[in-house]
2 protein chains.
Amino acid sequence: MRLAMIEDKTLPLEELEPVYLDRGIFFGDGVYEVLRSYNGKIFAFQEHLQRFARSLNEIQITGIDIDQIRAKVQKSFDAAGIADAKIYFHITRGSGPRDHVGCADLKPNFFLTVSELPDATVEKAKGIAVSTHPDWRWKRCDIKSLNLLANVLARMDAAKKGCTEAIFVDESGFITEGAASAFFAIFGKQLQTTPITANILPSITRKYVLDAGKNIGLEIIEKSFTPQQSSQADELFIAVTTKDIVPVVKFDDKVIANGRPGQYTKLLIQKFQEFTM
Amino acid sequence: MRLAMIEDKTLPLEELEPVYLDRGIFFGDGVYEVLRSYNGKIFAFQEHLQRFARSLNEIQITGIDIDQIRAKVQKSFDAAGIADAKIYFHITRGSGPRDHVGCADLKPNFFLTVSELPDATVEKAKGIAVSTHPDWRWKRCDIKSLNLLANVLARMDAAKKGCTEAIFVDESGFITEGAASAFFAIFGKQLQTTPITANILPSITRKYVLDAGKNIGLEIIEKSFTPQQSSQADELFIAVTTKDIVPVVKFDDKVIANGRPGQYTKLLIQKFQEFTM
């Protein structure tokens, strides 16, 4: 008789709820998005849906109606009634017996949560410390997939060092991005970040940051740089959907810009707000 | 109010069953093993448990008693009463709100299935076709983790080409291993496979294959080789727990050894059986 065991409980395999056979858990065979709202309005909704559609396409999960996803997200956001909300959702290829090549009739699983945004006021005002970590991730980081163990391990390492974010460094010695953020440096009047052609996620917040940078007269340089260069930057910051721009005041053991958020970073935080109104 | 949505159904986040908040699905934050039995006896049980303990340690999931895992596996295997069984189990870091760095009081989740082995008789007798795929996996393939999307995508690609297994080729042009198997070539009286120092899983079946190879007088060469070299091999085969040795008779578009399982491969299949009695 086919059996399953959950913790200490044995049951016939056929009686398992499908969620236990989700390919999301067996393989990380799914993709996700994180959205946020500002004051009751979902930010960059269309861009996130477009990126989600691309992720689905890249891993060949087919038959998803993006307009239906949009409606589900909007419906649950409205029902939650949280003005500044964090919205997470994922779709996996479906549930079924564990087999790398799933059967043809798999039905994708949709899952979503809406909750309050974690408060980032202090982080934004005082800045955060970050630490570098080897970039152990796979070679398709352009896909926002559920394969995030490298990100988890890097973040755990950062936390042990008293840091809020881990910054990935690839085998060539160049920074790619943060474990859950894009990474930026300011040298003089130049705003520099890794080019989107590298093995990074096409960050939506990154795009708005670069627009804000242009708006305040910074020159945008999309070119890889090293930890050593970072530690000599005038200013550093990360960008992430849930917190937009967060100043970095310590990079590994090096204090940046006297340990206080830099002037351009503060200006960018202000300018970013204009996009969210 | 915090909300969750599963398919079309909305519910308060607090009412979600923990399985929906498993870090296995959010991050692939867990490790697994696959065991098999031969005629009522679990094969290489201790080696699999040792590898599992190592995987847990590498991703810092702590407090797991391996003897308890052993007892659970044995108990469910005995209860299933399947002589030639496939046993899959995983442990994830636990369930909780999605956050890369989990809270300190996470309780790991254990999940196991026992089912009949898929029949590999025809594959072993006739051999299989394999196709190469870029090795997109992360840099810690020594850990048997739930981050397997690259393996799934490679297997899907192989299936489209009418192949049973995908063989990974790294950025340097060398074969690492199969999407769910170790890969071997025979040149004359030399049995060659990727060294364990590469970014591969320390396969348990691999170890037994090399022992069997020595037993039949083959010279063991643990050295990386290319697809081009593979296509010129006298014999090719893969090794995987659930099927032990399976001959490869087609490599990409190249027919190997007249399209029939080679003599040494057949001898290795016989010799392997001695380990399983």
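Residues numbered from 1 in each chain as written. Chains lettered and ligands numbered in written order. Predicted model: local features only at pLDDT ≥ 70, side-chain atom pairs only at ≥ 80, totals over all residues. Heavy atoms only, no water.

Undergrad: Any chance you could explain the overall build of chain A here in plain terms?
TA: Check the secondary structure of chain A and you find eight helices and 15 strands. Burial statistics for chain A: of 277 residues in total, 59% are counted as buried. Excluding contacts between residues fewer than 6 apart, the proportion of contacts in chain A whose partners are at least 24 apart in sequence is 69%. Summed over all atoms, the accessible surface of chain A reaches about 11400 Å², with 50% contributed by carbon and sulfur. Measuring between centres, the 34 positive side-chain charges of chain A sit 4 Å from its 35 negative side-chain charges. (Helix = DSSP H or I, 4+ residues; strand = E, 2+ residues; numbered from the N terminus. Buried < 20%, exposed > 50% of the residue type's maximum accessible area, 1.4 Å probe, protein only. Contact = heavy atoms within 4.5 Å. Areas by Shrake-Rupley, 256 points an atom, 1.4 Å probe, with all protein chains shown as cover. Lys, Arg positive; Asp, Glu negative; His and termini not counted. Charge placed at Lys NZ, Arg CZ, Asp CG, Glu CD.)

Undergrad: Hey, could you run me through the interface of chain B and chain A in this one?
TA: Tallying the contact residues gives 73 residues for chain B and 74 residues for chain A. At the boundary of chain B with chain A, total buried surface from both sides reaches about 6400 Å², with 61% on carbon and sulfur atoms. Among the ionic pairs, Asp8(B) bridges to Lys72(A), the shortest N-O distance being 3.5 Å. Of the residues forming the side of chain B that touches chain A, the biggest block, nine residues, is contributed by helix H5 (residues 149–160) of chain B. Grouping the amino acids of the side of chain B that touches chain A by side-chain chemistry returns 38 nonpolar, 14 polar and 21 charged. (Buried area = accessible area lost by both parts, 1.4 Å probe. Salt bridge = Lys/Arg side-chain N within 4 Å of Asp/Glu carboxyl O. Nonpolar A, V, L, I, M, F, W, Y, C, P; charged D, E, K, R; others polar.)

Undergrad: Please clarify how the relation of the copies chain B and chain A should be interpreted in this entry.
TA: Two copies of a chain can be linked by a rotation about an axis combined with a shift along that same axis. Overlaying chain B on chain A yields an RMSD of 0.0 Å, the required transformation being a rotation through 180° with an accompanying axial translation of 0.0 Å. Accordingly, the operation relating the two chain copies is best matched by a two-fold axis. (Least-squares fit on C-alpha atoms with pLDDT ≥ 70 in both.)

Undergrad: Can you walk me through helix H8 (residues 263–275) of chain B in this structure?
TA: An α-helical turn contains 3.6 residues, so any two residues separated by three or four positions project in the same direction. Residue and element names in this part refer to chain B. Turning to H8, its buried residues are Tyr 264, Thr 265, Leu 268, Ile 269 and Phe 272. Viewed along the axis of H8, the buried residues span an arc of 145°, placing them on a single side of the element. Of the exposed residues in H8, those oriented more than 90 degrees away from the buried face are Gln 263 and Gln 270. Of the surrounding elements, those touching the buried residues of H8 are strand E3 (30–38), helix H4 (121–126), strand E10 (182–187), helix H6 (204–215), strand E13 (235–240) and strand E14 (244–251). (Arc of directions from axis to C-beta.)

Undergrad: I tried to follow the sheet that holds strand E1 (residues 3–6) of chain A on my own but got confused; where do I start?
TA: Hydrogen bonding along the main chain pairs the strands of a sheet, whether they run parallel or antiparallel. Spatially, E2(A)-E1(A)-E6(B)-E5(B)-E3(B)-E4(B) is the arrangement adopted by the six strands of the open sheet, whose pairing is antiparallel. Among the strands making up the open sheet, the edge pair consists of strand E2 (9–12) of chain A together with strand E4 (41–42) of chain B. As paired strands, E1(A) and E2(A) are joined by four bridges and run antiparallel to one another. Bridge pairing in E2(A) places Leu3(A) opposite Pro12(A). Taken strand by strand, helix H2 (residues 45–58) of chain B contacts E3, E4 and strand E5 (85–92) of chain B, and its axis lies near 175° from that of E3(B). (Pairing = 2+ DSSP bridges. Axes fitted to C-alpha atoms, helices over the stretch in contact; angles between N-to-C directions.)

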